[in-house]
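# Working through the structure, step by step
As a plain string of letters, each chain reads:
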Amino acid sequence: YADINGTGFSSAAVGLEFVSASATGDNTGTDATTALSATSLQNVVIGTAGTMTLAVDGDSPLAQQVVMGSTGNEVAKFKFTETSNAEDVTVTAIILTDTLSLSATGSIANLVITDGVTTYGTASALASNATATITLVNPITVPKGSNKIITVKSDITAYPNATSKSTHVFSI
């Protein structure tokens, strides 16, 4: 049992040590003590919050040409990793940025954040600044000490809304 105030506390390793015990017999009322010497118990690490890193996943799609009017194109994969081993981390919103070669924000439509099974959130289009703020209807949970890979899919608008020869690189 520990009663720890989290204010102003970042993390520490706490070593627990068994020092002594005493008891009274339930039926006899006789005192009982132990002759055990100090015994070290488990280390307990206390942290204030989980931490996470984000990277482009190694299985992210390679540079490719996509056809105007095509749907469900896989445009990026990202790996969220919880690194503190303290707790699960929940992602509730993502700001997706498209670094593009031409003023072609109208080329991208129907963005989807998914892991292949669950759709976490969508955006109908990029804003004029080539970003999409996606509030996740289903938050992404990254388990402590583990990772979660998400995929970004998008439709490419048809001519004349799409810009031919535009390049798009997505980031979070």
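Residues numbered from 1 in each chain as written. Predicted model: local features only at pLDDT ≥ 70, side-chain atom pairs only at ≥ 80, totals over all residues. Heavy atoms only, no water.

### A short note on the overall build of the chain
A count of helices and strands for the chain gives zero helices and 12 strands. Among the 172 residues that make up the chain, the fraction classed as buried is 25%. Across the chain, contacts joining residues at least 24 apart in sequence account for 72% of those joining residues at least 6 apart. Of the accessible surface of the chain, which amounts to about 11000 Å², a share of 51% is contributed by carbon and sulfur atoms. (Helix = DSSP H or I, 4+ residues; strand = E, 2+ residues; numbered from the N terminus. Buried < 20%, exposed > 50% of the residue type's maximum accessible area, 1.4 Å probe, protein only. Contact = heavy atoms within 4.5 Å. Areas by Shrake-Rupley, 256 points an atom, 1.4 Å probe, with all protein chains shown as cover.)

### So, the confidence of the model for the chain
Looking at the chain as a whole, the pLDDT averages 81, with 73% of positions reaching at least 70. Across the chain, strand 11 (residues 147-156) holds the top mean pLDDT of 95, while strand 1 (residues 11-18) sits lowest at 53. Between residues 1-5, whose pLDDT stays under 50, and residues either more than four places distant or in other chains, the model counts one contact. (pLDDT = per-residue confidence, 0-100.)

### Observations regarding the nonpolar core
One recurring pattern in soluble globular proteins: nonpolar side chains tend to sit buried together. Within the largest apolar cluster, 23 residues are counted, with the highest numbers of intra-cluster contacts made by Ile94, Leu111, Ile113 and Ile140. Elements that contribute at least two residues to this core include exactly strand 6 (73-82), strand 7 (89-100), strand 8 (108-114), strand 9 (119-125), strand 10 (131-142) and strand 11. Ranked by residues supplied to this core, first place goes to strand 10 with five residues. (Core = buried A, V, L, I, M, F, W, Y, C linked by side-chain atoms within 4.5 Å.)

### Some remarks on the sheet that holds strand 10
Taken together, three strands build an open sheet; the order of strands is 10-7-12 and the sheet is antiparallel. Looking at strand neighbours, the two that pair on one side only are strand 10 and strand 12 (168-171), the edges of this open sheet. When the angles between neighbouring strand axes are averaged without regard to direction, this sheet yields 25°. (Pairing = 2+ DSSP bridges. Axes fitted to C-alpha atoms, helices over the stretch in contact; angles between N-to-C directions.)

### Notes on the sheet that holds strand 5 (residues 52-56)
Strand order in the open sheet formed by five strands is 5-6-11-8-9, with antiparallel pairing between adjacent strands. In the strand order of this sheet, the two ends are held by strand 5 and strand 9, each with one partner. Each strand of the sheet is rotated relative to its neighbour by a mean of 20°, with strand direction disregarded. With eight bridges joining them, strand 6 and strand 11 adopt antiparallel strand pairing. Bridge pairing in strand 11 links Phe80 to Lys148.

### Section: the side chain of Ser154
With respect to the helices and strands, the residue Ser154 is situated in strand 11. Judged by its relative accessible area of 0%, Ser154 is buried.

### Section: the pairing of strand 6
Examined bridge by bridge, strand 5 and strand 6 share five bridges and lie antiparallel to one another. In the sheet register, Met52 faces strand 6, and the bridge partner there is Glu82.

### Regarding unusual backbone geometry
Apart from glycine, the bulk of residues carry a negative phi angle, and the bulk of peptide bonds sit in the trans form. In this chain, Tyr159 is followed by Pro160 through a cis amide linkage whose omega measures 10°. Among the secondary structure elements, Pro160 is positioned in the loop between strand 11 and strand 12. With phi around 65°, Asn85 is a residue other than glycine that occupies positive phi space. Looking at where Asn85 falls in the secondary structure, it is placed in the loop between strand 6 and strand 7. Since its relative accessible area comes to 53%, Asn85 is described here as exposed. The backbone of Asn110 shows a phi angle near 50°, a positive value even though the residue is not glycine. Mapped onto the fold, Asn110 is located in strand 8. Accessibility expressed as a relative area gives 39% for Asn110, which makes it partly exposed.

### Topic: the pattern of salt bridges
Per the counting criterion, the structure on display carries two salt bridges. As a salt-bridge pair, Lys77 and Asp59 come within 2.9 Å of each other at their nearest N and O atoms. One end of the pair, Lys77, is in strand 6; the other, Asp59, is in the loop between strand 5 and strand 6, and 18 residues separate them in sequence. On the basis of relative accessibility, which here comes to 49%, the residue Asp59 falls in the partly exposed class. Lys148 is the partner of Asp115 in a salt bridge, and the nearest nitrogen-oxygen pair spans 2.8 Å. With Asp115 in the loop between strand 8 and strand 9 and Lys148 in strand 11, this pair connects stretches of sequence that are 33 residues apart. Assessed through its relative accessible area of 24%, Asp115 is described here as partly exposed. (Salt bridge = Lys/Arg side-chain N within 4 Å of Asp/Glu carboxyl O.)

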